[in-house]
Amino acid sequence: MAFRKLTVGVLLSNSSITPMAKQFSTGLKNGLKKLNSDVEVEIVPEFIGQGSRDLAEAAITKLVSFDDADVITGIVSNKVGIDLSEKIANVKRPFIINNIGEHLPDPEKFNDYMFLNSNHTWQQLWSMGSWGGKTFGKKGMYVSGLYDCGYSFQSMLSAGMESVSSGVTMPFALAPTPNPKEAGDISAVFEHIHHYKPDFILATFCGKEAEMFLTQYVEQGLHKTIPLLGLPFLLEPFTTAEPVEVYTTLSINRELKPEQLEEVSHAMANPFTQFGFETGLLIARAVKDQGGKSLQKAIAEAEIETDRGRVEVKSRSNAMQSRVYLVKNTFNGIKDEISRQLIGELETININHEDVKQINSQTSSFWMNPYLGI
């Protein structure tokens, strides 16, 4: 039997925080193993630095004009994806974007060749804002490093708080970063925390800055007085004499039972591995079910079941099936010894919510790179 050739172009962003490119590539290869044996697959990686539009666009041009890629995927932000929508429409290749959802998606600016695989962090931030406002009070505070703040995190947190109460306040404090190649001055944010005395804090530090923040948070005794919310990337190893409690979210597309928490948490600990695996499975399913349809049409119709639940990548239905759960992490600084408690499912919103439409109509935040791609 003659082999069919399938060429998959992959856009890979660099990261000094987590090996996202390697994780995504590993997951993608494992997912593509589900291809029928009569399909010969070629994976063509293209490294795009920190995920800028210019590098991504140049890589797509090469993948189409030289490698004749049948489908393009990889890690890019929603902002870059939207900026490349005209390019993708012109080259007429399916483009499956993967990211954690640092920027709001805007389906109105996508086209039929563009697909999205994400766990929609913007959605989780709204849920935490809503829950934090209901649970702790109207005075929230957002603290972050320079490279973690240029996304939709703050606006979605604020919108979530405002959805439950009027008169909310949410100041923010950023760690100054005099040298872009070094960690920020984390101690500076604590001056503002002590001055403002918020009802709760949401922190989006990651990597070395997360370690520094957690250490000082405990050393200054704030873990005893101010509840701490954060993304899972805040749970970096740190060293202090006492554990800290951190509330984080877990977004999947199905019901989560308490006895499943550890298994699902470990499965989602490396989201880029999961995204790569899911993308590989989706491509394999589309090729299997393609029949006389175009690959673009087959991908639009493809659905798979994974640890996250049912996954599909049509941009207009994205985030519609997400369910956001709240997890209380008791963390002593050793990542293998985190004690997790499922608090419950949170109220959330989707891409058709008025808060999303309003924020999408405003000037977009400025970072082009996918979150952690620094």
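For the structure given in this document, a descriptive report is provided here. (Residues numbered from 1 in each chain as written. Predicted model: local features only at pLDDT ≥ 70, side-chain atom pairs only at ≥ 80, totals over all residues. Heavy atoms only, no water.)

With that out of the way, let us pick up unusual backbone geometry. The phi dihedral of Lys-92 is positive, around 55 degrees, even though this residue is not glycine. Relative to the helices and strands, Lys-92 resides in the loop between α4 (85–91) and β4 (95–99). Even without being glycine, Leu-372 reaches a positive phi, approximately 80 degrees. Take Leu-372: its relative accessible area is 2%, and that puts it in the buried class. (Helix = DSSP H or I, 4+ residues; strand = E, 2+ residues; numbered from the N terminus. Buried < 20%, exposed > 50% of the residue type's maximum accessible area, 1.4 Å probe, protein only.)

Within the secondary structure, Thr-18 sits in the loop between β1 (4–12) and α1 (20–32). Dropping the residues within four chain positions of it, Thr-18 is found in contact with Gln-23, Phe-272 and Leu-372. (Contact = heavy atoms within 4.5 Å.)

The next thing to look at is the pattern of salt bridges. Under the defined criterion, the tally for this structure stands at 19 salt bridges. Salt-bridge contacts for Glu-42 lead to Lys-5; the nearest nitrogen and oxygen are separated by 3.2 Å. In this pair, Glu-42 sits in strand β2 (residues 39–47) while Lys-5 sits in strand β1, placing the two residues 37 residues apart along the sequence. Note on Lys-5: relative accessible area 41%, which makes it partly exposed. Close ionic contact of Asp-67 with Lys-62 constitutes a salt bridge, the shortest N to O distance being 2.9 Å. Classification of Asp-67 as buried rests on a relative accessible area of 15%. For Lys-62, a relative accessible area of 29% gives the class partly exposed. Through salt bridges with shared partners, one network takes in Glu-303, Arg-310, Glu-312 and Lys-314. (Salt bridge = Lys/Arg side-chain N within 4 Å of Asp/Glu carboxyl O.)

Turning to the packing of α1 against helix α10 (residues 271–288), a few remarks are in order. In the contact formed by α1 and α10, the axes pass within 6 Å of each other and the chain directions differ by 30 degrees. On the basis of the axis angle, α1 is roughly parallel to α10. Note that α1 runs across α10; the crossing there is right-handed. Along the contact surface, α1 presents Met-20, Gln-23, Phe-24, Gly-27, Leu-28, Asn-30, Gly-31 and Leu-32, while α10 presents Phe-272, Thr-273, Phe-275, Gly-276, Phe-277, Thr-279, Gly-280, Leu-281, Ile-283 and Ala-284. In terms of residue class, the contact of α1 with α10 is made up of 10 nonpolar, 8 polar and no charged. (Axes fitted to C-alpha atoms, helices over the stretch in contact; angles between N-to-C directions. Parallel < 35°, antiparallel > 145°, perpendicular 65-115°, else oblique. Left-handed = near helix turned anticlockwise from the far one by under 90°. Nonpolar A, V, L, I, M, F, W, Y, C, P; charged D, E, K, R; others polar.)

Bringing the sheet that holds strand β8 (residues 200–203) into the picture now. Strand order in the open sheet made by the 7 strands is β7-β6-β8-β9-β10-β13-β14, with mixed pairing throughout. In the strand order of this sheet, the two ends are held by β7 (172–175) and β14 (339–345), each with one partner. With direction set aside, neighbouring strand axes in the sheet form an average angle of 25 degrees. In the sheet, strand β6 (residues 140–145) pairs with β8 via 4 bridges, with the strands oriented parallel. Within β8, the residue paired with Val-143 across the bridge is Ala-203. (Pairing = 2+ DSSP bridges.)

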